[in-house]
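Structural characterization, general
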Amino acid sequence: MRHGKKVNHLSRQTGHRKSMLANMACSLIEHKRINTTVAKAKALKQFVEPLVTKSKEDTTHNRRIVFAYLRNKYAVTELFREVAAKVGDRPGGYTRIIKLGNRLGDNADMAMIELVDFNELYNGGKKEEKKAKSRRGGKSKKAETTAPAAETPAPSAPETASEETPSAE
């Protein structure tokens, strides 16, 4: 019985499995989506999501922890710069698995795993809605339009001061 055993071994030994997941995670970070089998995609999701959570706080310690898993400094750099910037406000669920059907050669279940915030087809309208809901830009523009109106009386004040100076002479 397999009570409490959450890790899918994927018919591989530990070193092979860790290396494979690290390579797949680097490819996912670099390309933002990859095609693989459903079992590998589910294992990769459990592998990558804690690393993305670590990348939200850019510290030397977190970079070293993530590098210990990925072993690719370019993937770590891209994860902490680009990916963390997009998922900064998301509380979890950074990847999406979409089932694609069966592979022709061996009839294996195939899936596409992707980073959620990098798919413009699903997120295109949502980003525009967020910009439309933000009222900070509207208030600052109104304040700017009222500020020039307040500046127009200010030039009239120096004119009165210049009128007072000739009368004093």
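The following refers to the structure shown. Quick caveat: nothing in here was measured; it's all calculated off a predicted structure. Counting of residues starts from 1 at the beginning of each chain's written sequence and follows it residue by residue. It should be noted that, the model being predicted, local features are given only for residues of pLDDT at least 70 and side-chain atom pairs only at 80 or more, the latter also being counted only at that level, while totals for whole chains, interfaces and linings use all residues. To obtain the side-chain values, all non-hydrogen atoms of the structure were included, while hydrogens and water were left out.

Structural notes on the overall build of the protein
- For the protein, the count of helices and strands is seven helices and three strands.
- In sequence order, the secondary structure elements of the protein are arranged as α-β-α-α-α-β-β-α-α-α.
- Type-normalised accessible area, obtained with a 1.4 Å probe on protein chains alone, sets the label of each residue: buried when under 20%, exposed when over 50%, and partly exposed for intermediate values. Within the protein, the proportion of its 169 residues that are buried is 28%.
- Here a residue-residue contact requires only that any non-hydrogen atoms of the pair lie within 4.5 Å. When contacts within the protein are restricted to residue pairs at least 6 apart in sequence, those whose partners lie at least 24 apart make up 55%.
- For every accessible area listed, the method is Shrake-Rupley and the probe measures 1.4 Å; residues are considered covered only by the protein chains on display. On the protein, roughly 12100 Å² of surface is accessible, and the fraction owed to carbon and sulfur atoms is 53%. Comment: elements are numbered from the N terminus, with helices defined as DSSP H or I runs of at least four residues and strands as E runs of at least two.

Structural notes on the side chain of T95
- Examined against the element boundaries, T95 turns out to sit in strand 2 (residues 95-102).
- Overall, T95 belongs to the buried group, its relative accessible area being 5%.
- Here the side chain of T95 touches E49 through a polar contact of 2.7 Å, side chain to side chain.
- Apart from the residues within four sequence positions on either side, T95 is in contact with L28, K45, V48, E49, I113, E114, L115 and V116. Pairs of N or O atoms are called polar contacts if they sit within 3.5 Å, as long as, within protein, a hydrogen donor faces a hydrogen acceptor (for residues adjacent in sequence, only side-chain-to-side-chain pairs).

Concerning the environment of R64
- By the secondary structure assignment, R64 is in helix 3 (residues 60-70).
- Judged by relative accessible area, which is 63%, R64 ranks as exposed.
- Note: C-alpha distance between R64 and V76 (12 residues apart in sequence) is 9.1 Å.

Focus: the packing of helix 1 (residues 14-31) against helix 4 (residues 73-86)
- Angular values range over 0 to 180 degrees, each being the angle between N-to-C directions of two axes fitted as lines to C-alpha atoms, with helices fitted over their stretch in contact. Look at helix 1 against helix 4: their axes get within 9 Å of each other, and the N-to-C directions meet at 40°. Between helix 1 and helix 4, the angle falls in the class oblique. With respect to the hand of their crossing, helix 1 and helix 4 are arranged in left-handed fashion. Residues C26, I29 and E30 of helix 1 touch helix 4, and the partners they reach there are A75, E78, L79 and V83.
- In the contact of helix 1 with helix 4, the residues fall into five nonpolar, no polar and two charged. If an angle is under 35 degrees, it is roughly parallel; if it is over 145, roughly antiparallel; if it lies from 65 to 115, roughly perpendicular; otherwise it is oblique. Each crossing gets its hand from how the near helix is turned against the far one by less than a right angle, where anticlockwise is left-handed and clockwise is right-handed. When residues are grouped by polarity, Ala, Val, Leu, Ile, Met, Phe, Trp, Tyr, Cys and Pro land in nonpolar, Asp, Glu, Lys and Arg in charged, and all others, Gly among them, in polar.

Here's the deal with the packing of aromatic side chains
- Any pair of Phe, Tyr and Trp rings, taking the six-membered ring for Trp, is counted once the centres come within 6.5 Å. Such a pair is stacked with planes under 30 degrees apart, edge-to-face with planes over 60 apart, and tilted for the rest. For the coordinates displayed, the defined rule picks out one aromatic pair.
- The interplanar angle of 75° and the centroid separation of 5.9 Å between the aromatic rings of F47 and Y69 together place this pair among those described as edge-to-face. Remark: Y69 occurs in helix 3 and F47 occurs in helix 2 (residues 38-55); sequence separation between them is 22 residues.
- Note on Y69: relative accessible area 43%, which makes it partly exposed.
- When the ring centre of F118 is taken as origin, the NZ or CZ atom of K32, which lies over that ring, is 5.0 Å away. Comment: the charge-over-ring label is applied if NZ (Lys) or CZ (Arg) is within 6 Å of the ring centre and within 35 degrees of the ring normal.

Regarding the pattern of salt bridges
- We define a salt bridge as a contact between a side-chain nitrogen of Lys or Arg and a carboxyl oxygen of Asp or Glu at a distance within 4 Å. Counted by the stated rule, this structure contains seven salt bridges.
- When the shortest N-O distance is used, the salt bridge between E78 and K32 registers 2.5 Å. Separated by 46 residues along the polypeptide, E78 in helix 4 and K32 in the loop between helix 1 and strand 1 (33-37) bring together distant segments of the chain.
- On the basis of relative accessibility, which here comes to 13%, the residue K32 falls in the buried class.
- Here D58 makes a salt bridge to R63, at a shortest N to O gap of 2.8 Å.
- For D58, a relative accessible area of 48% gives the class partly exposed.
- Residue class for R63 comes out partly exposed when judged on its relative accessible area of 27%.

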